[in-house]
Amino acid sequence: MLFTAPLGAIIGTDAEDDIKEAIDVFICKDKDVEVFLKHKAIDFEMRDKSRTYLILDNDAFVRGTMTILAYFTLSLKSLEFRDTISYFFR
């Protein structure tokens, strides 16, 4: 079983140390993906540059271990539409 946990909701709680440990042992075939989670995700979360959601193993969580199976990050960037750009809204 899986569940999704927003990284921002964990930062500053009693579970922060546990999630940092889980991030430290996270391994991915794509090293850029791994490096982002380990070195940038928390900083980007704190600076409102992105939102990261962790996919955790519920069975491991019940046993008292945080195991990150995957994650996804959404970038927070506003788009500016200028009058010179044509666009259509329905």
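In the block above lies the structure referred to throughout.
Described below are features of the structure shown in this document. (Residues numbered from 1 in each chain as written. Predicted model: local features only at pLDDT ≥ 70, side-chain atom pairs only at ≥ 80, totals over all residues. Heavy atoms only, no water.)

### Here we look at the packing of aromatic side chains
Part 1: The full count for this structure, using the stated rule, is five aromatic pairs.
Part 2: Consider the rings of phenylalanine 36 and tyrosine 71, whose centres lie 6.4 Å apart with planes at 15 degrees: the pair is stacked. Highlighted residues: phenylalanine 36 in helix α3 (residues 31–39) and tyrosine 71 in strand β3 (residues 68–75), separated in sequence by 35 residues. For the pair formed by phenylalanine 36 and tyrosine 71, the shared burial category is buried.
Part 3: For the pair tyrosine 53 and phenylalanine 72, a centre-to-centre distance of 5.2 Å together with 20 degrees between the ring planes defines the contact as stacked. With tyrosine 53 in strand β2 (residues 50–57) and phenylalanine 72 in strand β3, this pair connects stretches of sequence that are 19 residues apart. (Phe/Tyr/Trp six-rings, centres within 6.5 Å; stacked < 30°, edge-to-face > 60°. Helix = DSSP H or I, 4+ residues; strand = E, 2+ residues; numbered from the N terminus. Buried < 20%, exposed > 50% of the residue type's maximum accessible area, 1.4 Å probe, protein only.)

### A short note on the nonpolar core
Part 1: Within the largest apolar cluster, 16 residues are counted, with the highest numbers of intra-cluster contacts made by Leu7, Ile19, Leu37, Leu54, Leu56, Ile68 and Tyr71.
Part 2: Among the elements of the structure, α1 (7–10), α2 (16–25), α3, β2 and β3 are those that each provide at least two residues to this core.
Part 3: Tallying contributions element by element places α2 first for this core, with three residues.
Part 4: The residues contacting leucine 54, other than those within four sequence positions of it, are Phe3, Thr4, Ala5, Leu7, Ile10, Ile19, Leu37, Ile68, Ala70 and Tyr71. (Core = buried A, V, L, I, M, F, W, Y, C linked by side-chain atoms within 4.5 Å. Contact = heavy atoms within 4.5 Å.)

### Overview of the sheet that holds strand β1 (residues 2–6)
Part 1: The sheet built from three strands is open, its strands ordered β1-β2-β3 with antiparallel pairing. Edge strands, defined here as strands with exactly one partner in the open sheet, are β1 and β3. For this sheet the average axis-to-axis angle between neighbouring strands, irrespective of direction, equals 25 degrees.
Part 2: In this structure, β2 lies alongside β3, joined through seven bridges in antiparallel fashion. Considered in β3, the bridge of isoleucine 55 is made with alanine 70. (Pairing = 2+ DSSP bridges. Axes fitted to C-alpha atoms, helices over the stretch in contact; angles between N-to-C directions.)

### Some points on the side chain of glutamate 45
Part 1: Topologically, glutamate 45 is positioned in helix α4 (residues 41–46).
Part 2: Overall, the relative accessible area of 7% leaves glutamate 45 in the buried class.

### Digging into the pattern of salt bridges
Part 1: In total, this model carries six salt bridges according to the counting rule given.
Part 2: Residues glutamate 34 and lysine 38 are paired through a salt bridge, measuring 3.0 Å at the closest nitrogen-oxygen approach. Here lysine 38 and glutamate 34 lie together in helix α3, a separation of four residues that amounts to about one turn.
Part 3: Classification of glutamate 34 as buried rests on a relative accessible area of 10%.
Part 4: We note a salt bridge from aspartate 48 to arginine 51, for which the minimum N-O separation is 2.8 Å.
Part 5: The exposure class of arginine 51 is partly exposed, given its relative accessible area of 26%.
Part 6: Taken together, the shared-partner salt bridges in this structure form one network comprising Lys31, Glu34 and Lys38. (Salt bridge = Lys/Arg side-chain N within 4 Å of Asp/Glu carboxyl O.)

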